[in-house]
Amino acid sequence: MFLTRLKSGKIITGAESGIIGAALILVILFTLSSDSFLTQYNLFNLTRTQSLYIFVALSQAVMLATGNMNLSVGAIAGLTAVIFGYSVDTLDLGWPLALLIALGVALLAGAFNGFVMTVLGVNSFIVSLSTLFIFTGFVYGISEGYSYREIPADFVRIGRGNFLGLPYLFYLMVGTLIAVWYMFRYTVFGRQVLATGSNLEAAKLSGINTGRIIMGANLLSAFFAGVGGLLWVSRLGSAQPAIGQNWLLISFAVAIIGGTALAGGRITAIGLFCGGLIMVLIKNGLILVQANVYFEQAFLGSIILLTILLDRAREVWSRKAGKS
Amino acid sequence: MTLELRNISKSFPGVRALDDVSVTFKPGEVHALLGENGAGKSTLIKAICGIQRADQGTISLEGVPLNLSSLKDGMRHGITIVNQEIQVFSESSVAENIMIDKLEKYRSFGGISWKRLNADALEYLELVGLEIDPETPIGGLSAAQKQLVQIAKALSSKATVILFDEPTSSITANEVTKLFEVIEDLKAKGYTLIFVSHKLEEVLEICDQVTVLRDGRHVGTRCISELDKETIIELMIGRKIQIENFARLDTDPDDLVLKAKELSSKGLFENASFDLRRGEILGFYGLVGSGRTELAKTIIGHFPVSAGALSVHGRDVKIRSVADCIKVHNIGYVSENRKEDGLFLDFDIETNMTMAIWKKIQHPVTRAINMTEQRNVANGLMTALDVRATGIDQRVGNLSGGNQQKISIAKWLAANCDILIIDEPSVGVDIGAKAMIHKLIWDLAKVEKKSIILISSDMPEMISLASRILVFKEKRITGVVPGIAEPGQTYDTLSRGIGRLMA
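Residues numbered from 1 in each chain as written. Chains lettered and ligands numbered in written order. Predicted model: local features only at pLDDT ≥ 70, side-chain atom pairs only at ≥ 80, totals over all residues. Heavy atoms only, no water.

1. Examining the environment of L155 of chain B
All names here are of chain B.
Then, in step 1: For L155, the location among the structural elements is in helix α5 (residues 143–156).
Then, in step 2: Separated by 75 residues in the primary sequence, L155 and T80 place their C-alpha atoms 9.0 Å from one another.
Then, in step 3: With sequence-adjacent residues up to four places away left out, L155 is seen in contact with Y124, L127, V128, I162, L186 and Y191. (Helix = DSSP H or I, 4+ residues; strand = E, 2+ residues; numbered from the N terminus. Contact = heavy atoms within 4.5 Å.)

In structure tokens, the structure reads:
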């Protein structure tokens, strides 16, 4: 029963099995080639970075699913981090309150993006490119380039602590991914997001309020970016304005490697999980093989391109097979 | 030049798309290529113009075997296709569009000699009878004009074999006449012309030879003089179909579900007044752009109302959005462009059918859509509408046109819409499926008591189905003709009546 369902592609689709396979191969490769790979310390570190990457990727993937993008995810993360730091450090607020304020600001930023996209009807690329600079301006305007170091120990524990050898962040990530899986598989909102991304006009004529869906995706994107930013603060133990600066590449890379369709209409939680894993393994691997770290971005860029090409090949192939 | 196909075969995984097809296309003839959807027409077209290679067989031009590897390669040998989807560079001029593949010929001093290029383009424009300035930007031209430009482009590339793929699907009747004049002219000049269309009247009017494909096999090539519509249909579907006569729909003129009073939407249509009775099929007849689709899309809240009033079930309403229209008023719209704005081609049948009812079948607490319910609804509709597919999880993009149309209709049946607006239901659908869709629409009105607005530019379809027909011309309703089931009405009186209102 389970096997036939598995074969029918209902549980794991063709695209997903490719990503899972790639992740497995990398894990096996690393286990065989390095003694230090399967140590508890290394696993803790890898899964913690993976978890952070997943939040970064989710912030992009939910927008990609609607057929749009959000170039400002890193800036929103930075803004959230700085607002949080300012609240706990300068204003001496309790961290739970500061957290709410910071996430509130993130949502405001997302709402602004969504407003310009849906109400004013500007292309998402242009909107988020502009707000990338606007939000970054606020990050440096508020912090004046300094980090906030007085971060409460309770809060830092979230990013540094572990349970059964795995970081708290790992459990948070798994929980979030399950929620995302549930949302896109079972809820009306999730399905309408995919419909909007797959065919905007058809979605409109099917009575889907596509403006509201895209607004919702923007809020969700900003929420994930905000959470990602705060977790980064928790892990670093300080709220640095530089948080989010390298997110553009990571967010697209993990989302795309994880099987999110650039044209919209497809997102997969298990794919994102593997995408995040592949990303950390490759980064880890580059260090192991002693690749020149200055060239790191070139490697990562090539991997994104390769993933897109593979996806494209799969599309062409399945179109050929499906046509009479 | 004579284009000869010998024993062409082509297979795709699981399907034999072409099976040993041999046809000869002679110069100075218009040769129709006919077949239901899936008969192998498109595969054969692709093989002829080089888009896709056949597995076996030879294609030769004037006895010289060709081995085409691409569309461009085909064009080099003088074989060109004029598509149904007209592709142009809309920012460029007409002349540039004609000469875009030959720009290097007009190089002078490192630039382009526009004077020479425009003069040459003008010559080809005259050949196709298009009286426009070659420097006009092409974006503003009508679909028919763009098509003529496409033909001019083919001629300028020294094409000798021209394939017309559904050339009349998006142009008006007058423009068809003009296009046919051009085709006649090309025929007299000795071009080899291949004509692919679903509209048999046109085939009978313009073509000399007819080749029919069925299930990838060559059924026969006949001279047009030996054929009439019924024989062609018989060849295409392999069985004689009865032109269905639908009975009169009994409606009560006082039982109105929808009433529009002097409704206008700025720039789209003006002063539309009509009423729709329960269980009736009300026809909107008119050419593309005459305001019929625009009126429909205004009723469902897609375009804004600028003046006038609309009432649903006797109550004045203001429909603000499509969502509003579906949820509150139970009006569904089946789009004329199934593939562009009707269906989600990448999604499965189940998702496409149940999209409009997700909100109704979600769990109040977990917010989850009830998957069992969704499956049952989809399975029920599959059976009810006789959708031919491997199952509800098949991708809609892989289905035939007729089945896709059924799924577009199914979406609104699932949502329990009692008013359905069905726009061009049989465009791009083969003849067998067309009859089934007509039966389905009629049954919805008769048995289910759905009130239907049928939009169509297919006269026989309109006359055989509609209880009353509103005629649209230049953004206005010019009049109404009764249904064919009314006493004293025949196909001829009605088509003449419609013709008068459109003149």
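The discussion continues.
2. Here's the deal with the sheet that holds strand β17 (residues 315–317) of chain B
Residue and element names in this part refer to chain B.
Then, in step 1: Taken in spatial order, the four strands line up as β14-β13-β16-β17 in an open sheet, and their pairing is antiparallel. For this open sheet the edge positions go to β14 (269–277) and β17, each flanked by a neighbour on one side alone. Here the average twist between neighbouring strands, direction ignored, is 20 degrees.
Then, in step 2: Across three bridges, the pairing between strand β16 (residues 307–312) and β17 is antiparallel. Paired with V312 across the two strands is R315, which belongs to β17.
Then, in step 3: Across the sheet, helix α9 (residues 292–299) touches β13 (256–265), β14 and β16, and the angle it forms with β14 is around 70 degrees. (Pairing = 2+ DSSP bridges. Axes fitted to C-alpha atoms, helices over the stretch in contact; angles between N-to-C directions.)

3. Quick notes on the confidence of the model for chain B
Residue and element names in this part refer to chain B.
Then, in step 1: Put simply, chain B has an average pLDDT of 86, and 96% of its residues get 70 or more.
Then, in step 2: Mean pLDDT in chain B bottoms out at helix α8 (residues 229–237), which sits at 76, and peaks at strand β10 (residues 192–196), which reaches 93.
Then, in step 3: Among the scores for the predicted complex, ipTM is 0.78 and pTM is 0.74. (pLDDT = per-residue confidence, 0-100.)

4. Notes on the nonpolar core
Then, in step 1: Counting 142 residues, the largest nonpolar core has F84 of chain A together with I281, M353 and I469 of chain B as its most contacted members.
Then, in step 2: By residue number, the principal contributor to this core is helix α3 (residues 40–65) of chain A, which donates twelve residues.
Then, in step 3: Ignoring sequence-local partners within four residues, the contact set of I281 of chain B consists of L249, I441, W442, A445, I452, L454, L465, A466, S467 and R468 of chain B. (Core = buried A, V, L, I, M, F, W, Y, C linked by side-chain atoms within 4.5 Å. Buried < 20%, exposed > 50% of the residue type's maximum accessible area, 1.4 Å probe, protein only.)

5. Some details on the pairing of strand β19 (residues 419–423) of chain B
All names here are of chain B.
Then, in step 1: In terms of burial, β19 is largely enclosed, as five of its five residues are buried.
Then, in step 2: Bridge analysis of strand β18 (residues 331–334) against β19 gives four bridges, and the strand direction is parallel. Bridged to V334 within β19 is I422.

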